[in-house]
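Tertiary structure, described
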Amino acid sequence: MKKWNRLIVAGAFCFCFLTACQGTSEGGSGAVQSENAEETSQTEEVTQSEVEAEAEEPSEIVTAEEGTEAMRIRVRANGNEIIFELNDSAAARGLYDQLPLTLENEDFSNNEKTFYPPEALDVSDAPMADGGMGTLAYYEPWGDVVMFYGSYQPNASLYELGNAVSGSEFIEAISGEIEISAVEAEPAGGEGGSEQSGEDVLIAYFSWAENAVLEGEVDAVASPSVNPPGNVQQLAGWVQEATGGDLFSIRVTDPYPSDWDECLSRANEERGDDARPELAEHLESIDQYDTVFLGYPNWWYGVPMALLTFLEENDLSGKQVYLFCSHGTGGLANSVEIITEAAPGADISDQIFDCYEEDAPSSQGAIQNWVAELGY
Ligand SMILES: Cc1cc2nc3c(=O)[nH]c(=O)nc-3n(C[C@H](O)[C@H](O)[C@H](O)COP(=O)(O)O)c2cc1C
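Residues numbered from 1 in each chain as written. Predicted model: local features only at pLDDT ≥ 70, side-chain atom pairs only at ≥ 80, totals over all residues.

**Details of the nonpolar core**
Here is the rule: In plain words, the nonpolar core is the set of buried Ala, Val, Leu, Ile, Met, Phe, Trp, Tyr and Cys residues that C-beta atoms within 7 Å link up. For the exposure call, what matters is how many other C-beta atoms sit within 10 Å of a residue's own: 20 or more marks it buried, 12 or fewer exposed, and in between partly exposed, using C-beta atoms placed from the backbone. Secondary structure elements follow DSSP: runs of H or I no shorter than four residues count as helices, runs of E no shorter than two count as strands, and numbering proceeds from the N terminus. Contact definition: two residues whose C-beta atoms, as placed from backbone geometry, lie within 7 Å.
Of all hydrophobic cores here, the largest spans 54 residues; its most connected members are Ile 203, Ala 204, Val 239, Leu 307 and Phe 324. Going through the elements one at a time, β10 (201–205), α3 (231–243), α4 (260–273), β12 (291–297), α5 (305–313), β13 (320–327), β15 (353–356) and α7 (364–373) are the ones with two or more residues in this core. No other element matches α5, which puts six residues into this core. Residues in contact with Ile 203, not counting those within four places in the same chain, are Ala 236, Val 239, Gln 240, Thr 243, Gly 245, Asp 246, Leu 247, Phe 248, Phe 293 and Gly 295. In terms of nonpolar packing, the next biggest core, distinct from the first, is built from 39 residues, Ala 129, Leu 136, Ala 137 and Phe 148 among them.

**Concerning the environment of Gly 375**
By the element assignment, Gly 375 lies in the segment after α7. For the pair Gly 375 and Thr 243, spaced 132 residues apart in the sequence, the C-alpha separation amounts to 9.3 Å.

**Regarding α3**
The cut-off we apply is this: Helices are assigned an expected span. That span is 1.5 Å times one less than the residue count.
For α3, which comprises 13 residues, the first-to-last C-alpha distance of 19 Å matches the rise-based estimate of 18 Å (1.5 Å per residue) to within 8%. In terms of residue burial, α3 counts as a mostly covered element, since ten of its 13 residues are buried. Every buried residue belonging to α3 is among Asn 231, Val 232, Gln 233, Gln 234, Leu 235, Ala 236, Val 239, Gln 240, Ala 242 and Thr 243, and all of these are buried. Packed against the buried residues of α3 are β10, β11 (246–249), β12, β13 and α7. Phi turns positive, to about 75°, at Gly 244, one or two residues after α3.

**Brief notes about the environment of Tyr 289**
The residue Tyr 289 is located in the loop between α4 and β12 in this model. Residues in contact with Tyr 289, not counting those within four places in the same chain, are Asp 200, Val 201, Leu 202 and Lys 319.

**Structural notes on the packing of α3 against α7**
Put simply, the rule reads: Only the stretch in contact is used when fitting a helix axis, every axis being a line fitted to C-alpha atoms; angles between N-to-C directions are given from 0 to 180 degrees. Just so you know how the angles are binned, under 35 degrees is roughly parallel, over 145 roughly antiparallel, 65 to 115 roughly perpendicular, and the rest oblique. By convention, the crossing between two helices is left-handed when the near helix turns anticlockwise from the far helix through less than a right angle, and right-handed when the turn is clockwise.
Remark: α3 packs on α7, axes separated minimally by 9 Å, with the N-to-C direction vectors making an angle of 45°. As the angle between them shows, α3 and α7 are arranged oblique. Where α3 crosses over α7, the handedness of that crossing is right-handed. Judged by residue contacts, Leu 235, Trp 238, Val 239, Ala 242 and Thr 243 of α3 engage Gln 364, Ile 367, Gln 368, Val 371 and Ala 372 from α7.

**As for the environment of Val 321**
Its place among the elements puts Val 321 in strand β13. When the C-alpha atoms of Val 321 and Ile 352 are compared, they prove to be 9.7 Å apart, with 31 residues separating the residues in sequence. Leave out the neighbours within four places in its chain, and Val 321 touches Val 292, Leu 294, Leu 316, Ala 343, Ala 346, Asp 347, Ile 348 and Ser 349.

**Quick notes on the sheet that holds strand β3 (residues 101–104)**
Just so we agree on the cut-off: Each pair of strands is called paired provided DSSP finds at least two bridges between the two strands.
The strand order across the open sheet built from nine strands is β3-β9-β1-β2-β8-β6-β7-β5-β4, with neighbouring strands paired in antiparallel fashion. Because the sheet does not close on itself, it has two edges, and the strands there are β3 and β4 (106–108). Taken over all neighbouring pairs, the strand axes of this sheet differ in orientation by 30° on average, direction set aside. Relative to strand β8 (residues 158–166), strand β2 (residues 80–86) is paired through four bridges, and the arrangement is antiparallel. Within β8, the position partnered with Ile 83 by the bridge is Ser 166. Contacting β1 (72–77), β2, β6 (135–139), β7 (144–148), β8 and β9 (177–182), helix α2 (residues 90–97) runs over the sheet at an angle of about 60° to β8.

**Describing unusual backbone geometry**
Note that the residue after Leu 99, namely Pro 100, is joined by a cis bond; omega there is 0°. With respect to the helices and strands, the residue Pro 100 is situated in the loop between α2 and β3. Residue Pro 229 is reached from Pro 228 by a cis peptide bond, and omega for that bond is -5°. Turning to its location among the elements, Pro 229 is positioned in the loop between β10 and α3.

**Examining the pairing of β7**
Most of β7 is tucked away: five of the five residues are buried. Taking every second residue as pointing to the same face, both faces of β7 are buried, with Asp 144, Val 146 and Phe 148 on one and Val 145 and Met 147 on the other. Relative to β7, strand β5 (residues 112–115) runs antiparallel, the two being bridged by four bridges. Bridge assignment links Thr 114 to a residue of β7, and that residue is Val 146.

**A few points about the pairing of β5**
Neither face of β5 is left uncovered, since the one carrying Glu 112 and Thr 114 and the one carrying Lys 113 and Phe 115 both have all their residues buried. Following β4, the chain reverses through three residues before pairing antiparallel with β5; Ser 109 in that reversal takes a positive phi of roughly 50°.

**A few points about the confidence of the model for the protein chain**
Here is the rule: For every residue, the pLDDT score states the predictor's confidence, bounded by 0 at the bottom and 100 at the top.
Residues at a pLDDT of 70 or more form 75% of the protein chain, whose mean pLDDT is 81. The low-confidence segment residues 5–67, where pLDDT is below 50, has 107 contacts with residues more than four positions distant or belonging to other chains. Across residues 186–194, where pLDDT falls below 50, the model places four contacts with residues more than four positions away in sequence or in other chains.

**Digging into α7**
Among the residues making up α7, those that are buried are Ala 366, Ile 367, Asn 369, Trp 370 and Val 371. Buried residues in α7 make contact with β8, α3, β13 and β15.

Here you go:
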């Protein structure tokens, strides 16, 4: 248990907040999809898409016949989105040609999400699926398409259709109705196409490591996130890399203690006082930015108070704001509500990236996928 939790339990502080916990999902692991699995309940009938035919513009899509560009499909369900790149097999093309589809997800085993395309797929030249998480496969005996969120054993009837290129970590969370559609082709030339340039993007963030008095070696066990690079600092760097935007570290004039307990104590006091810690540096102007990525750690079920100083100094009205957060077991807690209240005119997207503190150092792929899904 993290020290900040123990402190709360011990009642070291009497300042109480309601928490809203959000878990982090981990990929499950490897049950085999067996040919002999008669005990399963994959009996539900599939429902064909009710999506309007005009929802897709055929001329803008890489058609299976052209076959010159990678075929990509988008799988969306209950706020989760995964992009799969298909291989060039007849089976993959057969699936692609049936899109768009709206089908019911069916959970199977502890590592699979499945759906049943209306038409069976021709597996004559399809490669065998080889066991990796994020595989899109076709189980020929049952005619279902399988999205794996955990590793699995190869099987003589399990064919690979493709692999997730973004959002594989969201497969596990899929439930209910799934929309499957073709991803439009990139305009020829790539650069200068639909992707944003980054000129009008600001990445502003707060991280303890850049707001602490670091004297000599800090005990990494006692103070898990004070040694640079901080968790949010790393996330912000990856967002910058992906967007090409300007990076702004929110730093206070009076840094926090590097001692964990002392830092908790001061942060708690500031929260109780509704303080606005003074910032060491100020943005020259926010006007040039249309999009702001705002990064922060969960501090006391909310945000470091310096984030509010930043929001009061810089009017985000009319700007598109994307939040990213690293936290302990408390998840986002009340942070989004607090930011929304502090930046009333901002257009705060509900596509929020958050990760558990111990996962932050290995979240480059996840956060850059998120940024890509936002169109950067
Ligand atoms: C003063 C302080 C208060 C914290 N309060 C919470 C909290 O209420 N809930 C939570 O889940 N994590 C809490 N944490 C843990 C941080 O959110 C987490 O370690 C985060 O990854 C730190 O990011 P950073 O290294 O960029 O500062 C707290 C950390 C500190 C230093």
